[in-house]
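# What the coordinates show
Each chain is listed here by its residues.
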Amino acid sequence: MFSGKTEELIRRLRRAKFAKQKVEIFKPAIDVRYSEEDVVSHDQNHILSTPIDSSASILLLSSDIDVVGIDEAQFFDMGLVDVCNELANRGVRVIIAGLDMDYRGIPFGPMPALCAIADDVTKVHAICVRCGSLAYVSHRKVQNDKRVLLGETAEYEPLCRECYREVMNEE
């Protein structure tokens, strides 16, 4: 979190629209932090999207599209990998933003498999709020064992590997 993933996704999708490409953007329906319909960055930049419950919906809703954008991909089911492969094989450009690891530093949902099949991967990092190094993980500051917990700065903080280990030893 806080690395600019969604900001970069929005930037790339807007460029595709400027280039007169047909663009469709999807986000998980559970992500209603800033908006029920828009993909919104922490900086409040936004772009209209289609909230969906299942990755299979992407294929149904993206016929005759040049570029598909997907935000918060870690919250989707593993079927997203096959969906993205099928779209890419059709010649559709697929741009995905998502967390590669959960708050415990464990690979998150379909992200590892998506990284493996991607033609190109851009990994962006937040800055550790404790020491200023590149962040490694979004550390959860609240007590909750659920893997999926939507939140922002009250719930999460980006930490580098060393600061994360220190915090985990204190807990």
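Our subject is the structure that appears above.
Quick look at the structure, then. (Residues numbered from 1 in each chain as written. Predicted model: local features only at pLDDT ≥ 70, side-chain atom pairs only at ≥ 80, totals over all residues. Heavy atoms only, no water.)

## Here we look at a negative patch on the surface
Residues Glu162, Glu166, Glu170 and Glu171 make up a contiguous surface patch of negative charge. Examined against the element boundaries, Glu170 turns out to sit in helix α5 (residues 161–170). (Patch = residues over 30% accessible without salt bridge, like charges linked within 9 Å, V, L, I, M, F, W, Y side chains within 5 Å. Areas by Shrake-Rupley, 256 points an atom, 1.4 Å probe, with all protein chains shown as cover. Salt bridge = Lys/Arg side-chain N within 4 Å of Asp/Glu carboxyl O. Lys, Arg positive; Asp, Glu negative; His and termini not counted. Charge placed at Lys NZ, Arg CZ, Asp CG, Glu CD. Helix = DSSP H or I, 4+ residues; strand = E, 2+ residues; numbered from the N terminus.)

## A few points about the pattern of salt bridges
Here the idea is simple: oppositely charged side chains can pair when their charged atoms come close. This model, assessed by the stated rule, comprises seven salt bridges. Salt-bridge contacts for Glu157 lead to Arg130; the nearest nitrogen and oxygen are separated by 3.1 Å. Within this pair, whereas Glu157 is found in strand β8 (residues 156–159), its partner Arg130 is found in the loop between α4 (111–117) and β7 (137–140), the two being separated by 27 residues in sequence. Judged by relative accessible area, which is 47%, Arg130 ranks as partly exposed. Each of the salt bridges in this network shares a partner with another, and the network as a whole consists of Glu8, Arg11 and Arg12. (Buried < 20%, exposed > 50% of the residue type's maximum accessible area, 1.4 Å probe, protein only.)

## As for the nonpolar core
Counting residues in each nonpolar core, the largest one holds 16 residues, and the members touching the most others are Ile58, Val68, Ile70, Ala73, Leu80, Leu87 and Leu114. Within the residue set of this core, elements represented by two or more residues are β5 (67–70), α3 (79–89) and α4. Ranked by residues supplied to this core, first place goes to α3 with five residues. When residues no more than four places from it in sequence are discounted, the contact partners of Leu80 are Ser55, Ile58, Ile70, Ala73, Pro110 and Leu114. Core analysis: the next-biggest nonpolar cluster, separate from the first, contains eleven residues, Ile10, Ala16, Ile25 and Val39 among them. (Core = buried A, V, L, I, M, F, W, Y, C linked by side-chain atoms within 4.5 Å. Contact = heavy atoms within 4.5 Å.)

## With respect to the sheet that holds strand β6 (residues 93–96)
Read from one edge to the other, the open sheet built from four strands follows the order β4-β1-β5-β6, with strand pairing classed as parallel. If you trace the sheet from one side to the other, it starts and ends with β4 (50–52) and β6, each paired once. When strand polarity is set aside, the average angle formed by the axes of neighbouring strands in this sheet is 25°. Pairing of β5 with β6 involves four bridges; the strand directions are parallel. Each bridged residue has a counterpart across the sheet, and for Val68 the counterpart in β6 is Val94. Sitting on the sheet, helix α1 (residues 5–18) touches β1 (23–28), β5 and β6, and the angle it makes with β6 is about 155°. Contacting β5 and β6, α3 crosses the sheet at an angle of about 145° to β6. (Pairing = 2+ DSSP bridges. Axes fitted to C-alpha atoms, helices over the stretch in contact; angles between N-to-C directions.)

## Quick word on unusual backbone geometry
In the Ramachandran plot, Lys20 falls in the positive-phi region, its phi being about 65° despite a non-glycine side chain. Checked against the element boundaries, Lys20 lands in the loop between α1 and β1.

## Quick notes on α1
The end-to-end C-alpha separation of α1 is 20 Å, in line with the 20 Å expected for 14 residues at 1.5 Å each. By the burial criterion, the buried members of α1 are Lys5, Thr6, Leu9, Ile10, Leu13 and Ala16. Buried residues along α1 cover an arc of 130° about the axis, so they all sit on one side. The exposed residues of α1 that point more than 90 degrees off its buried face are Arg15 and Phe18. Check the buried side of α1 and you find it contacts β1, β2 (38–40), β3 (46–48), β5 and β6. (Expected span 1.5 Å × (residues − 1). Arc of directions from axis to C-beta.)

## Quick look at the pairing of β5
Remark: a regular strand shows side chains that alternate across the two faces of the sheet. Of the two faces of β5, the one lined by Val67 and Gly69 and the one lined by Val68 and Ile70 are each fully buried. Bridging between β1 and β5 involves four bridges; their strand directions are parallel. When the bridges of β5 are listed, Ile25 appears paired with Gly69. Each parallel crossover has a hand, and the one from β5 via α3 to β6 is right-handed. (Right-handed = clockwise from strand over helix to strand, strands pointing away.)

This is a description of form; function is not addressed.
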